[in-house]
Every structure is written in C-alpha cells, then in structure tokens.
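One letter stands for each residue in the lines below.
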Amino acid sequence: MSGMSGMSGMSGMSGNVKSGEVPHIGLAIFATGVMALGLAVGLRFLKLVGSLDVFFETVFLPKGMDAALRSLDPVMLWIATAVLAFALPAVMLNVPGSWRRTVVWAGTLALTLSWGPVMLLASYKPEIGVAVVAVLWSGFCAMIYAINHVLPVDRTPVIVTSENDGTR
C-alpha cells in the first residue's frame, strides 16, 4: 500500500483518484461498446453513415474501375462492428501506457479502413462507415477512461529489496 500513496495525488475529471480504488474495467468495456454501437446506429438512422460510405467509395475506387454493385450482408457488418466496439476497449484498457493504447487504437482504425479497398476488389461496396464510427468512438472512450483512472496494468509493482524491506 505504501507504494500506492504516490498515486493518490493524481487527479481526474471527477476529483482525486483514491489509492485503493479499483477501476471497473469490465463495466467500462461494456459501456464503451454499447455507446459506440449506439452512436453507429444513430448515425445510420440519420443517414449520415451512408454519406461516409459514399466518401470511402470515391476515395478507394481506382480510376477506370466500375463501382461495385453488391452490398454486404447487414448482419455480418453489424456483428463485425460489435466485435470491434467491444474488443478494442477490452484490449486498450489491458495494455499499459497511453502511447501503446494510441498505437492499438490507430492500428485498429487502419485495419478497419483497409477493409474498403479489399471489399472493392471483391466487388462489394465499401460499407465500412459504421465500423469506422464504432472504432473511433470506442477508442476515444477507452482513452478518456484510461486517462482518468489508474488501471491495474499501469500500476507499478513495489519491489521489496533489502534497502526498503523495513528490517534495518
């Protein structure tokens, strides 16, 4: 516990973080995934994701290639989006360090965006807007949570040596 006393001075948006406080990683992952899916559904309902899909098609479609006519199976798209929405914060909140979390987030976004050209080559429309929205929002929420909480993976272990074991 004495090694944790240095962390009690850290503050977040809600005030000081208690040294004995254990963040609720599972709840944070669940809430982040639900919020990301909710945002994707809302933007799909408002037809803003359709504009994003058209943008991806114009960016990824090579000159001289005909536009794809086939659409993805919506069930498969939403299953993949849900997996991304929950898996990304699960990984990010179990990786130590903000820099590593940022690399995981950026890598996941890059892989999600790379679906677009591959789908065009397979003659499918690059309807990846909902997945991109879910990755952006779940990664953002996971970063905010990690910044405002001392995660178990970020805690430095107290190493007992003969100099600090209290026997002298």
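Refer to the structure above for everything that follows.
About the thresholds
- Within each chain, residues carry numbers counting from 1 in the order of the written sequence.
- In keeping with the predicted nature of the model, local features appear solely for residues at pLDDT of at least 70, side-chain atom pairs appear and are counted solely at 80 or more, and the whole-chain, interface and lining totals rest on all residues.
- Excluded from the side-chain calculation are hydrogens and water; included are all heavy atoms of the structure.
- Here a helix means four or more residues in a row that DSSP labels H or I, a strand means two or more in a row labelled E, and each is numbered from the N terminus.
- Only protein chains enter the area calculation, which uses a 1.4 Å probe; residues under 20% of their type maximum are buried, those over 50% are exposed, and those in between are partly exposed.
- Calculation of accessible area relied on Shrake-Rupley with a 1.4 Å probe; when residues are assessed, cover is drawn exclusively from the protein chains displayed.
- The term salt bridge refers to a pairing of a side-chain nitrogen on Lys or Arg with a carboxyl oxygen on Asp or Glu at a separation within 4 Å.
- To define axes, lines are fitted to C-alpha atoms, for helices over the stretch in contact only, and angles between the resulting N-to-C directions are given on a 0 to 180 degree scale.
- Handedness of a crossing is defined here by the sense of rotation of the near helix relative to the far one, left-handed for an anticlockwise turn of less than a right angle and right-handed for a clockwise turn.
- We call two residues contacting when some pair of their heavy atoms lies within 4.5 Å.
- Think of it as three bins: nonpolar holds Ala, Val, Leu, Ile, Met, Phe, Trp, Tyr, Cys and Pro, charged holds Asp, Glu, Lys and Arg, and polar takes everything else, Gly as well.
- Aromatic rings from Phe, Tyr and Trp, taking only the six-membered ring of Trp, are treated as a pair when their centres fall within 6.5 Å; an angle between ring planes under 30 degrees marks them as stacked, one over 60 as edge-to-face, and anything in between as tilted.

A short note on the overall build of the protein chain
Link 1 in the chain: Scanning the protein chain from N- to C-terminus turns up 6 helices and 2 strands.
Link 2 in the chain: Reading the protein chain from its N terminus to its C terminus gives the helix and strand order β-β-α-α-α-α-α-α.
Link 3 in the chain: Relative to its full complement of 168 residues, the protein chain shows a buried share of 32%.
Link 4 in the chain: Of the roughly 10100 Å² of accessible surface on the protein chain, 70% is carried by carbon and sulfur atoms.

As for the pattern of salt bridges
Link 1 in the chain: Per the stated rule, a full pass over the model turns up 2 salt bridges.
Link 2 in the chain: Across the pair aspartate 53 and arginine 44 runs a salt bridge, and its minimum N-O distance is 3.6 Å.
Link 3 in the chain: Overall, aspartate 53 belongs to the buried group, its relative accessible area being 9%.

Points about unusual backbone geometry
Link 1 in the chain: Backbone geometry at lysine 47 places phi at a positive 65°, although glycine is not the residue there.
Link 2 in the chain: Examined against the element boundaries, lysine 47 turns out to sit in the loop between α1 (25-45) and α2 (48-60).
Link 3 in the chain: Residue lysine 47 is classed as exposed on the basis of its relative accessible area, which comes to 64%.
Link 4 in the chain: One non-glycine residue, serine 123, adopts positive backbone phi at about 65°.
Link 5 in the chain: Structurally, serine 123 can be placed in the loop between α5 (115-121) and α6 (129-148).

Some thoughts on the packing of α1 against helix α3 (residues 74-92)
Link 1 in the chain: Where α1 contacts α3, the two axes come as close as 8 Å, and the packing angle between them is 145°. Here α1 runs over α3; the crossing is right-handed. Note on element contacts: α3 touches α1 through Leu77, Trp78, Thr81, Ala82, Ala85, Phe86, Pro89 and Ala90, opposite Ile29, Phe30, Thr32, Gly33, Val34, Ala36, Leu37, Ala40, Val41 and Arg44.
Link 2 in the chain: When the residues that make up the contact of α1 with α3 are grouped by side-chain class, the tally is 14 nonpolar, 3 polar and 1 charged.

What about the packing of aromatic side chains?
Link 1 in the chain: Summed over all chains, the structure comprises 4 aromatic pairs.
Link 2 in the chain: Pairing phenylalanine 56 with phenylalanine 60 gives two aromatic rings, centres 5.9 Å apart and planes at 15°, and the pair type is stacked. Here phenylalanine 60 and phenylalanine 56 lie together in helix α2, a separation of 4 residues that amounts to about one turn.
Link 3 in the chain: Judged by its relative accessible area of 22%, phenylalanine 60 falls in the partly exposed class.

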